[in-house]
There are 2 protein chains.
Amino acid sequence: MKRIKLNKIIKKIFFKHGLSNNHASICASALINAELVGAPTHGLSRLKMYCDRIKKKVINPKPKIKIKKISSSITQIDANNSIGFVAADIGIKQAIINAKKTGLGLVGIKNSGHYGLSGYYAEQAVKKNLIVFCFTNAPPAIAPHGARKSLFGTNPICFGTPTSSKVPFILDTSVSMINRGKIRVAAKIGKKIPKGVALDKNGQPTIDAKKALDGVQLPIAGFRGSGLAWMVDILSGVITGGNHGGKVKDPFDDFTGPQNVGHLFFVMKTNLFINDYRKRIKENILRVKNLPKLKGVKDILYPGESKYLRHKSNNNKKIKISTIVENDIKKLLI
Amino acid sequence: MKRIKLNKIIKKIFFKHGLSNNHASICASALINAELVGAPTHGLSRLKMYCDRIKKKVINPKPKIKIKKISSSITQIDANNSIGFVAADIGIKQAIINAKKTGLGLVGIKNSGHYGLSGYYAEQAVKKNLIVFCFTNAPPAIAPHGARKSLFGTNPICFGTPTSSKVPFILDTSVSMINRGKIRVAAKIGKKIPKGVALDKNGQPTIDAKKALDGVQLPIAGFRGSGLAWMVDILSGVITGGNHGGKVKDPFDDFTGPQNVGHLFFVMKTNLFINDYRKRIKENILRVKNLPKLKGVKDILYPGESKYLRHKSNNNKKIKISTIVENDIKKLLI
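Residues numbered from 1 in each chain as written. Chains lettered and ligands numbered in written order. Predicted model: local features only at pLDDT ≥ 70, side-chain atom pairs only at ≥ 80, totals over all residues.

A.B. asks: So what exactly am I meant to see when it comes to the overall build of chain A here?
C.D. replies: Helix and strand counts for chain A stand at 11 helices and nine strands. What you see for chain A is a C-alpha radius of gyration of 20 Å, in line with the 20 Å of a compact globule of 334 residues. Dimensions of chain A along its principal axes, counting C-alpha atoms only, are 50 × 50 × 40 Å. Taken over 334 residues, chain A has a buried fraction of 58%. When contacts within chain A are restricted to residue pairs at least 6 apart in sequence, those whose partners lie at least 24 apart make up 62%. (Helix = DSSP H or I, 4+ residues; strand = E, 2+ residues; numbered from the N terminus. Rg over C-alpha atoms; globule rule 2.2 N^0.38 Å. Buried ≥ 20, exposed ≤ 12 C-beta atoms within 10 Å, placed from the backbone. Contact = placed C-beta atoms within 7 Å.)

A.B. asks: Looking at this structure, how should I read the sheet that holds strand 4 (residues 130–136) of chain B?
C.D. replies: Sheets are built from strands paired through backbone hydrogen bonds, the pairs being either parallel or antiparallel. Strand order across the open sheet formed by seven strands is 1-2-3-9-4-5-6 (chain B), with mixed pairing between neighbours. The strands lining the two open edges of the sheet, one partner per strand, are strand 1 (66–69) and strand 6 (169–173) of chain B. Going across the sheet, the axis of each strand differs from the next one's by a mean of 10°, ignoring polarity. Taken together, the five bridges between strand 2 (residues 74–78) of chain B and strand 3 (residues 104–112) of chain B define a ladder with parallel strand orientation. Each residue of the ladder has a partner; that of Ile74 of chain B, found in strand 3 of chain B, is Leu106 of chain B. Packed onto the sheet, helix 8 (residues 223–238) of chain A meets strand 5 (157–161) and strand 6 of chain B and runs at close to 135° relative to strand 6 of chain B. (Pairing = 2+ DSSP bridges. Axes fitted to C-alpha atoms, helices over the stretch in contact; angles between N-to-C directions.)

A.B. asks: Looking at this model, I keep getting lost on the relation of the copies chain B and chain A. Mind explaining?
C.D. replies: The relation between the two chain copies is a rotation about an axis coupled with a shift along that axis. If you rotate chain B by 180° and push it 0.0 Å along the axis, it lands on chain A with an RMSD of 0.0 Å. As the rotation angle and translation indicate, the two copies are arranged about a two-fold axis. Minimal C-alpha separation from the rotation axis in chain B is found for Ala221 of chain B, amounting to 3.3 Å. A share of 100% of interface residues in chain B that are also interface residues in chain A marks the association as one of identical surfaces. (Least-squares fit on C-alpha atoms with pLDDT ≥ 70 in both.)

A.B. asks: Would you take a moment to explain the interface of chain B and chain A for this structure?
C.D. replies: Many structure descriptions define interface size as the accessible area lost when the parts assemble. Opposite the 53 residues of chain B that make contact, chain A presents 53 residues. Put simply, the parts of the chain that give the side of chain B that touches chain A at least two residues each are strand 2, strand 3, strand 5, strand 6, helix 8 (223–238) and helix 9 (277–289) of chain B. The biggest single contributor to the side of chain B that touches chain A is helix 8 of chain B, with seven residues.

A.B. asks: Explain the sheet that holds strand 9 (residues 261–269) of chain A to me, please; I cannot follow it from the model alone.
C.D. replies: Residues and elements named next belong to chain A. Spatial strand order, 1-2-3-9-4-5-6: seven strands in an open sheet with mixed pairing. Looking at strand neighbours, the two that pair on one side only are strand 1 (66–69) and strand 6 (169–173), the edges of this open sheet. Sheet twist, expressed as the mean angle between neighbouring strand axes with direction ignored, is 10°. Pairing analysis gives four bridges linking strand 1 to strand 2 (residues 74–78), with the strands arranged antiparallel. Each residue of the ladder has a partner; that of Lys69, found in strand 2, is Thr75.

A.B. asks: Please clarify how the pairing of strand 5 (residues 157–161) of chain A should be interpreted in this entry.
C.D. replies: Side chains on a regular strand alternate between the two faces of the sheet. All names here are of chain A. For strand 5, a buried count of five out of five residues is recorded, marking the element as mostly surrounded by other parts of the structure. Here four bridges tie strand 4 (residues 130–136) to strand 5, and the two strands are oriented antiparallel to one another. The partner of Val132 across the bridge, within strand 5, is Gly160.

A.B. asks: Would you explain the environment of Ile334 of chain B in this entry?
C.D. replies: Looking at the secondary structure, you find Ile334 of chain B in the segment after helix 11 (323–333). Taking C-alpha positions, Ile334 of chain B is 47 Å from His145 of chain B, a pair spaced 189 residues apart along the chain.

A.B. asks: What's the story with the environment of Val132 of chain B in this structure? I'm lost.
C.D. replies: Relative to the helices and strands, Val132 of chain B is located in strand 4. Residue class for Val132 of chain B comes out buried when judged on the 29 C-beta atoms lying within 10 Å of it.

A.B. asks: Explanation requested: helix 1 (residues 3–16) of chain A in the structure shown.
C.D. replies: Every α-helix carries 3.6 residues per turn, so stepping three or four residues along brings you back to the same face. All names here are of chain A. Relative to the 20 Å expected for 14 residues at 1.5 Å per residue, helix 1 spans 20 Å between its end C-alpha atoms, a close match to the ideal helical length. Inspection of helix 1 places Ile10, Lys11, Ile13 and Phe14 among the buried residues, and these make up the whole buried set. The buried residues of helix 1 all sit within an arc of 155° when viewed along its axis, so they share a single face. Opposite the buried face of helix 1, at more than 90 degrees from it, the exposed residues are Ile4 and Lys5. Backbone geometry just after helix 1 places Gly18 at a positive phi near 105°. (Expected span 1.5 Å × (residues − 1). Arc of directions from axis to C-beta.)

A.B. asks: Is there a simple way to explain the environment of Ile54 of chain A in this structure?
C.D. replies: Residue and element names in this part refer to chain A. Position of Ile54 relative to the elements: it lies in helix 3 (residues 47–55). For Ile54, a count of 18 C-beta atoms within 10 Å gives the class partly exposed. Residues Ile54 and Ser112, 58 residues apart in the sequence, show an inter-C-alpha distance of 13 Å. Contacts of Ile54, omitting those with residues within four sequence positions, involve His17, Gly18, Ile59 and Pro61.

A.B. asks: How should the pairing of strand 5 of chain B be read in this particular structure?
C.D. replies: Residues and elements named next belong to chain B. Burial of strand 5 is two-sided: the residues Ile157, Phe159 and Thr161 facing one way and the residues Cys158 and Gly160 facing the other way are all buried. Pairing between strand 5 and strand 6: five bridges, direction antiparallel. Each bridged residue has a counterpart across the sheet, and for Cys158 the counterpart in strand 6 is Asp172.

A.B. asks: What should I look at first to understand unusual backbone geometry in this one?
C.D. replies: The phi torsion of most residues other than glycine is negative, and most of the peptide bonds are trans. Residues and elements named next belong to chain A. Phi at Asn81 is positive, roughly 60°, even though this residue is not glycine. Mapped onto the secondary structure, Asn81 falls in the loop between strand 2 and helix 4 (84–102). Look at Asn155: it is not a glycine, yet its phi comes out positive at around 25°. Looking at the element boundaries, Asn155 is found in the loop between strand 4 and strand 5. For Asn155, a count of 26 C-beta atoms within 10 Å corresponds to the buried category.

A.B. asks: Sorry if this is basic, but what is going on with the packing of helix 4 (residues 84–102) of chain B against helix 5 (residues 118–127) of chain B here?
C.D. replies: Two quantities define a packed helix pair, namely the angle between the helix axes and the distance between the axes. All names here are of chain B. The contact between helix 4 and helix 5 brings their axes to 10 Å, and the two run at 25°. Considering their axes alone, helix 4 and helix 5 lie roughly parallel with respect to each other. Where helix 4 crosses over helix 5, the two elements pack in a sense that is right-handed. Together, Ala88, Ile92, Ala95 and Ile96 of helix 4 and Tyr121, Gln124 and Ala125 of helix 5 make up the contact between the two elements. (Parallel < 35°, antiparallel > 145°, perpendicular 65-115°, else oblique. Left-handed = near helix turned anticlockwise from the far one by under 90°.)

Here it is as structure tokens:
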């Protein structure tokens, strides 16, 4: 389906589910963006879930979002159980305003929900020539190092910076060995998952996607990745007033209440300490790109580069929709 | 040797090499701390290297350190090629002052050198009830994903937060599969290194420590770790005015000029968004600790816990000194 047409349909669905015109528009753009950058696990496959959560009253379609100024640099947002996209959109825009004013912008958000891809918000700050960190937590998926039960979410670390070109440097990496969405897909189509990325519910290594979903995902690099996931949980949940310590509910399976996901956005100017940031980052990237490459490697890409290229190449193409999503859309439009 | 006696000797050595009484004291404490927490690769084994760099005039023993206030929250430090310990000590103390005043403290440092363990500075902020990030870059050790030549340093990510107990949560993890110091030690004593942590100079996997030193270390988790190392290089070097993109010189091997390492410290109050941080972090840690454990795991430790326990247990014991270090000390005292 054409991007613009699909966007209109998704917006209509959110509007039908009680969101304001503006909020519906924010949500549609975020979901379509995930499809364009090649992250369908964070795209339309989640549309039905969001609508289900609205119907079951665990997402508030008409939130009264409270924005509290703590200082010229710091803002707190209570999202009143809004859909995550809306809270994050308001949050990153506020962080950008603060950073433009004082050099630093810090925004803590509580009572929000899953907001999709961190990189989508980071990109907004980078486009305004700012450096940015985005942190958010997620429902239990990763076992802390030494545990046989999951507690941390896949808790992404997201860092973005302007470059000297139009292509932003955006690192948006979960700290799990494998994306939970990929395990879901493998389970659906009966595919195996790689070795060493998950344990079954008894704490034994497994390559069976269904058993992995019942069991736990492993963090990258043992205690290092476990520590990074823990750090993100503290930054997103403990500091902000959001849920933490494994209390964020699974948006697909648990409708007993709102998620209360927390987000933390930290934004800063590039020229706080030097005047020639564009020149410096250009040199930095060139020095890496010009290194001798391993056999079979054509180009050393920086984080975000391939996503940007995918987005560019997909932007004028029709968006492929699976039969499942097509059926979801049909039902949700009724 | 007794800790207090050893501290006096190390201080005397730095003083003899031209450092002020105060700066010599800062350096001695930092090196001894590394021994106490069980990180001897960052301790006395480096004493001779620091002194050699002073003698060869690539560390300035009498630096004129410039401290420039950018805003109430932001400070820039030009360390004038001081020994890293001194620049970092001034930097973290300034970041703490700024954060206590405005909620946020950001300090960028350039023209510094290797500062030892990030966790040592993080601990200072945590002891003042603050949350902290410390970033620093290092000489080339890790190959960017896809490259067969090293460029990024082992570039640690360090995050600290107060807990409800005296034991701080301090994650201080390099993003390499293995600590470069450990490869150095293995090479010295002729021990093999684990599989999958390094390539030789031809880009082939190796378990030979010497070949690994001539070759490259691998980042944790492929492109994820490579991206994290790249992020740390940008934060420490590109933003601050420090060296970056592989230009930080190896302190052991390269005496052609100062290192110009960059550091970035970011500190914030715990109560910006909530009032009950101690209670929240206590609950967070307890929830993780109470999880069912994998076979053979007695206790799930949070980052920094075992270092703290080692420090506590070592604090009243004599510090073991290798023959090499003993000889270094004897020569440096002459």
